[in-house]
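# Reading the structure
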Amino acid sequence: MAEQYYYGTGRRKTAIARVRLYPGGGAIIVNGKPLDDVFDRDMHRDEVMLPLKRVGAEGKFSAQVKCEGGGVSGWAGAIRLGIARALVEADPSLKVTLKRSPSLLTRDARVKERKKPGLKRARKAPQYTKR
């Protein structure tokens, strides 16, 4: 029989993280690699660990994560949301703690704006020349 786990999906920009939270351990594996190998910056590691720190469950859960799309910052945000959602699935009473400001259960909806025709980027217009 397979081991019991709690599941959460997180999204940020174009990144999607599928998180499986297993009781015990404390190791976080992202795409088959340890957390420290995937994220060079402490800022990203801290962002990933934030939901576990907030509820005081740093060593109580191991996580297995599969990330697709986007870049490193998007992955960190997506994993954070995925872990928070999996924690709520594991224990619904944690929802109140995770919703405190800043809420870890809210999807960050900011994505890159599309390029418009006649412009160089989303909003940058070509340089105006009088003569």
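Structure report, in brief. (Residues numbered from 1 in each chain as written. Predicted model: local features only at pLDDT ≥ 70, side-chain atom pairs only at ≥ 80, totals over all residues. Heavy atoms only, no water.)

## Looking at the overall build of the protein
When helices and strands are tallied, the protein shows 4 helices and 5 strands. The order of α-helices and β-strands along the protein, N terminus first, is β-β-β-β-α-α-β-α-α. Relative to a compact globule of 131 residues, whose C-alpha radius of gyration would be 14 Å, the protein shows 18 Å and is clearly more extended. Projected onto its principal axes, the C-alpha positions of the protein cover 75 × 30 × 30 Å. Per-residue burial for the protein yields a buried fraction of 34% across its 131 residues. Across the protein, every contact between residues at least 6 apart in sequence was considered, and the portion connecting residues at least 24 apart equals 68%. Roughly 8,600 Å² of accessible area belongs to the protein as shown, and the carbon and sulfur atoms make up 51% of that amount. Of the side-chain charges in the protein, 29 are positive and 13 negative, and the distance between the mean point of each set is 14 Å. (Helix = DSSP H or I, 4+ residues; strand = E, 2+ residues; numbered from the N terminus. Rg over C-alpha atoms; globule rule 2.2 N^0.38 Å. Buried < 20%, exposed > 50% of the residue type's maximum accessible area, 1.4 Å probe, protein only. Contact = heavy atoms within 4.5 Å. Areas by Shrake-Rupley, 256 points an atom, 1.4 Å probe, with all protein chains shown as cover. Lys, Arg positive; Asp, Glu negative; His and termini not counted. Charge placed at Lys NZ, Arg CZ, Asp CG, Glu CD.)

## Regarding a positive patch on the surface
On the surface, Lys112, Lys120, Arg121 and Lys124 cluster together into a patch of positive charge. Following the sequence through the fold, Lys112 ends up in the segment after helix H4 (95-99). (Patch = residues over 30% accessible without salt bridge, like charges linked within 9 Å, V, L, I, M, F, W, Y side chains within 5 Å. Salt bridge = Lys/Arg side-chain N within 4 Å of Asp/Glu carboxyl O.)

## Observations regarding the nonpolar core
Grouped together as the largest cluster of nonpolar side chains are 31 residues, with contacts concentrated most on Ile28, Val30, Phe39, Val65, Ile79, Leu87 and Leu98. Only strand S2 (15-23), strand S3 (28-30), helix H1 (35-38), helix H2 (42-55), strand S5 (61-68) and helix H3 (72-90) provide two or more residues apiece to this core. Element by element, the count of residues in this core is highest for H3, at 9 residues. Those residues in contact with Phe39 that sit more than four places away from it in its chain are Val30, His44, Arg45, Val48, Val72, Trp75, Ala76 and Ile79. (Core = buried A, V, L, I, M, F, W, Y, C linked by side-chain atoms within 4.5 Å.)

## Some remarks on the sheet that holds strand S4 (residues 33-34)
Across the sheet, which stays open at both edges, the 5 strands sit in the order S1-S2-S5-S3-S4 with mixed pairing between neighbours. Of all strands in the sheet, those bounded by a partner on one side alone are strand S1 (6-12) and S4. Across 8 bridges, S2 lies against S5 in antiparallel orientation. Its bridge partner being in S5, Val19 is matched across the sheet by Val65. Across the sheet, H3 touches S1, S2, S3 and S5, and the angle it forms with S1 is around 150°. (Pairing = 2+ DSSP bridges. Axes fitted to C-alpha atoms, helices over the stretch in contact; angles between N-to-C directions.)

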